[in-house]
Amino acid sequence: MLLINAVNAEGRPVELYVKDGKIAAVGQDLAALAGENETVLDAGGLTVLPAFVDLHCHWRTPGFEYKEDVETGSRAAAAGGYTFVNLMPNTKPVCSSAAQAAMVEQKAAEVGLCGVNQTVSITEDFDGKTIDHLKTLPASVKFITEDGHGVQDNATMARAFAICTQKDITVMSHAEDMEISPWDYRLAEDIETVRNCWLSEYYQTRLHMCHVSTRGALDAIRMAKLRGAPVTCEVTPHHLWFTNDTCDYRVNPPIRTADDVEALVEGIRTGIVDAIATDHAPHSEEDKLKGMAGMVGSETAFGVCYTKLCKQEGLPLELLVHLMSTRPAEILGLAKGQLEPGFDADFVLVDLDTPYTVEKEKLHSKSHNTPFDGVELYGKVCATIKGGKITAEVLEKALKKFVEEIEKAQKQARQPKTYRGKQSIKHLVQQNAAINNIEVTDGNIKSFQRTANKYGIDYALKKDTSEQPPRYLVFFKGRDVDVMTQAFKEFSAKTVKQSERPSLRQKLSRSREQAQAQHKEKVKIKTKDRGVEL
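Residues numbered from 1 in each chain as written. Predicted model: local features only at pLDDT ≥ 70, side-chain atom pairs only at ≥ 80, totals over all residues. Heavy atoms only, no water.

Section: the overall build of the protein chain
Of the regular secondary structure elements, the protein chain holds 15 helices and 22 strands. When burial is assessed residue by residue, the protein chain has 56% of its 534 residues classed as buried. Within the protein chain, residue pairs in contact and separated by at least 24 positions form 71% of the contacts whose partners lie at least 6 positions apart. Approximately 23000 Å² of the protein chain is accessible, and the part contributed by carbon and sulfur atoms is 49%. (Helix = DSSP H or I, 4+ residues; strand = E, 2+ residues; numbered from the N terminus. Buried < 20%, exposed > 50% of the residue type's maximum accessible area, 1.4 Å probe, protein only. Contact = heavy atoms within 4.5 Å. Areas by Shrake-Rupley, 256 points an atom, 1.4 Å probe, with all protein chains shown as cover.)

Comments concerning helix H1 (residues 70-79)
Within H1, 8 of the 10 residues are buried, which leaves it mostly tucked inside the rest of the structure. Every buried residue belonging to H1 is among Val70, Thr72, Gly73, Ser74, Arg75, Ala76, Ala77 and Ala78, and all of these are buried. At the N-terminal boundary of H1, the capping side chain belongs to Asp69, with an oxygen 3.1 Å from the backbone nitrogen of Glu71. At the exit of H1 stands Gly81, carrying a positive phi of roughly 95°. (Polar contact = N/O pair within 3.5 Å; in protein donor to acceptor, adjacent residues only side chain to side chain.)

Considerations on unusual backbone geometry
Look at the link from Thr61 to Pro62: it is a cis peptide, with omega at 5°. One can find Pro62 in the loop between strand E6 (52-57) and H1. Residues other than glycine seldom take positive phi values, yet Asn5 does so here, at roughly 55°. With respect to the secondary-structure elements, Asn5 resides in strand E1 (residues 2-7). The backbone of Arg60 sits at a positive phi, close to 70°, despite the residue not being glycine.

Re the sheet that holds strand E11 (residues 170-173)
The 6 strands lie next to each other as E9-E10-E11-E12-E13-E14, forming an open sheet whose pairing is parallel. Of all strands in the sheet, those bounded by a partner on one side alone are strand E9 (120-121) and strand E14 (275-276). Two elements, E11 and strand E12 (residues 207-209), share 3 bridges in a ladder whose sense is parallel. In the strand pairing of E12, Ser173 is matched with Met209. Against the sheet, helix H5 (residues 215-226) makes contact with E12 and strand E13 (231-235), and its axis sits at roughly 155° relative to E13, the strand it touches most. (Pairing = 2+ DSSP bridges. Axes fitted to C-alpha atoms, helices over the stretch in contact; angles between N-to-C directions.)

What about the pattern of salt bridges?
The full count for this structure, using the stated rule, is 23 salt bridges. Measuring nitrogen to oxygen at the nearest pair gives 2.5 Å for the salt bridge that ties Asp344 to Lys22. Of this pair, Asp344 sits in the loop between helix H10 (317-332) and strand E15 (347-351) while Lys22 sits in strand E3 (residues 22-27); the two residues are 322 residues apart in sequence, bridging distant segments of the chain. Of the residues examined, Lys22 reaches a relative accessible area of 34% and is grouped as partly exposed. The partner of Asp69 in a salt bridge is Lys366, with the nearest N and O atoms 2.7 Å apart. With a gap of 297 residues between them, Asp69 in the loop between E6 and H1 and Lys366 in the loop between strand E16 (356-357) and strand E17 (376-377) connect regions that are remote in the sequence. The class for Lys366 is partly exposed, based on a relative accessible area of 36%. Each of Lys22, Lys336, Asp344 and Asp346 takes part in salt bridges that share partners, so that together they form one network. (Salt bridge = Lys/Arg side-chain N within 4 Å of Asp/Glu carboxyl O.)

Let's talk about the packing of aromatic side chains
All chains considered together, the criterion is met by 6 aromatic pairs. For the ring pair Tyr202 and Tyr203, a centre distance of 4.9 Å and an interplane angle of 85° mean the geometry is edge-to-face. Ring geometry for Phe242 and Phe372: centres 4.7 Å apart, planes at 35°, overall tilted. A residue pair is termed long-range when its members are at least 10 positions apart, and Phe242 in the loop between helix H6 (237-241) and helix H7 (258-270) and Phe372 in the loop between E16 and E17 qualify at 130 residues. Of the two residues, Phe242 and Phe372, neither departs from the other in class, the shared state being buried. (Phe/Tyr/Trp six-rings, centres within 6.5 Å; stacked < 30°, edge-to-face > 60°.)

Description of the nonpolar core
Membership of the largest hydrophobic core comes to 69 residues, with the highest contact counts inside it found for Trp59, Ile144, Phe302 and Leu320. Dropping the residues within four chain positions of it, Leu320 is found in contact with Ile276, Phe302, Cys305, Tyr306, Leu309 and Cys310. Core analysis: the next-biggest nonpolar cluster, separate from the first, contains 18 residues, Leu16, Ala43, Ala345 and Ile385 among them. (Core = buried A, V, L, I, M, F, W, Y, C linked by side-chain atoms within 4.5 Å.)

Focus on the sheet that holds E6
Taken in spatial order, the 3 strands of this open sheet run E6-E7-E8, and their pairing is parallel. Every interior strand has two partners, whereas the edge strands, E6 and strand E8 (115-118), have only one. Between one strand and the next, the sheet's axes are offset by a mean angle of 15°, whatever the strand orientation.

Examining the pairing of E3
On a regular strand, each side chain points to the face opposite its neighbour's, so the side chains alternate between the two faces of the sheet. The sheet contact formed by strand E2 (residues 13-19) and E3 spans 5 bridges and is antiparallel. Bridge pairing in E3 links Lys19 to Lys22. Between E2 and E3, which follow one another and run antiparallel, lie 2 residues, and Asp20 among them has a positive phi close to 55°.

Things to note about a negative patch on the surface
A contiguous patch of negative charge on the surface is contributed by Glu124, Asp125, Asp127 and Asp132. Take Glu124: it is sitting in the loop between E9 and strand E10 (143-145). Classification of Glu124 by relative accessible area gives partly exposed; the value is 32%. (Patch = residues over 30% accessible without salt bridge, like charges linked within 9 Å, V, L, I, M, F, W, Y side chains within 5 Å. Lys, Arg positive; Asp, Glu negative; His and termini not counted. Charge placed at Lys NZ, Arg CZ, Asp CG, Glu CD.)

Laid out in structure tokens, this is it:
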């Protein structure tokens with residue numbers, strides 16, 4: 001695969017050449033490297049970044065698949081620009097064994113959209129006391145956590161730290177003293193953060209503090225790092241965005257004060273905060289009404305963080321890349337998170353300039369519990385590439401649902417809903433909308449006309465130049481559902497089949513021969529000027 005016409009985090013033109021799932025070259029004028037029948041993606045000026053890595057995520061498998069499962073979690077992650085996530089063990093049964101962890105990882109590999117690491121519980125079945133299973137964990141298990149609870153007994157936690165030092169395992173801490181949290185959640189987080197940082201320093205055990213949310217906890221982590229403790233920490237997008245005087249959505253730890261948010265942003269500026277993690281926590285509507293804490297976050301994370309940190313706080317995009325890609329990959333020990341030769345060819349194309357509005361019903365997660373519904377953000381993820389391949393499975397499934405929607409509309413003899421998005425037919429398929437009136441971008445109109453004319457679809461066009469690039473409003477005068485289904489399946493297949501020209505924004509494809517010819521012509525001119533004959 002060759003990616004062309006992209007810009008990097010610094011806004012400079014860049015091309016990527018991918019071979020065997022790895023980044024082989026980064027620079028400009030790389031067309032000569034592409035072999036026969038290789039895909040050439042024209043990014044259309046979009047920004048290319050390393051794909052995101054999530055240190056903290058819940059996919060609810062096994063036991064709570066009505067909230068989320070491996071497939072829907074994978075689709076949500078891919079839609080949000082993630083190619084690897086670290087899963088928490090608070091499932092049913094609790095993940096307390098390497099065998100159960102391997103089962104979840106294998107399911108994710110079969111889906112193929114997002115890699116995973118499944119963590120194991122600190123105490124067996126979250127009983128708060130038993131840690132014998134830690135002594136027999138194989139080398140494949142690198143992270144343990146009691147997420148959602150925290151280990152309350154000091155002696156048990158101290159012994160767990162000692163074992164993890166011997167076995168080279170990282171402890172991930174949900175900091176909450178559950179005897180204190182019912183009446184003072186701030187103190188509950190701060191006091192357990194101090195305890196675990198001291199244990200990390202004492203035993204020199206790698207410690208990762210999850211979803212840090214208070215100024216006090218961050219101060220404790222800062223001091224621990226200064227004393228030489230091997231501690232890292234993460235913050236979440238929702239703790240950066242909301243304050244408790246503007247949002248009462250229930251999450252754990254809770255939404256904090258404006259002073260806490262200021263401390264977290266300052267911690268990012270000064271380098272105390274290592275990473276941003278989503279704490280993607282799907283719940284059904286019924287469970288949220290019962291008071292369950294958590295929100296989905298995979299698909300909104302980059303937009304929230306780019307809008308808050310880069311647009312509002314003026315932080316550089318390169319720093320956000322470090323927080324969401326580079327540093328999380330380093331903590332997990334992955335060859336990801338950097339657009340450099342030798343790293344996994346996992347990258348994401350984002351539109352930094354066009355605002356979009358979060359619509360919870362269009363999220364790919366099985367659950368739609370989010371307080372970001374209706375919020376306008378910048379930094380829309382347009383495509384995610386994992387191992388040099390576009391995650392096309394999502395589009396194929398969406399296309400099937402799209403066809404079913406049309407057939408359902410015909411049977412019920414009702415008018416299909418109007419779709420008024422401003423992307424191409426690919427976007428129409430992704431959103432599973434039935435066809436009435438649609439808008440087609442200027443770059444796709446000729447391809448649309450060829451397909452429609454081939455199948456005799458009667459339509460009228462009205463050009464709209466109020467936006468750039470121009471777009472066409474398409475009015476369908478008649479709708480033979482069977483004919484239109486076949487026509488749009490053919491049109492959309494160009495965006496689904498990786499062996500054909502994929503569409504990303506307007507027309508995200510260019511033939512390898514054309515790109516290679518242009519490169520050779522440039523080389524020929526340069527060498528001729530220097531008196532060298534090719």
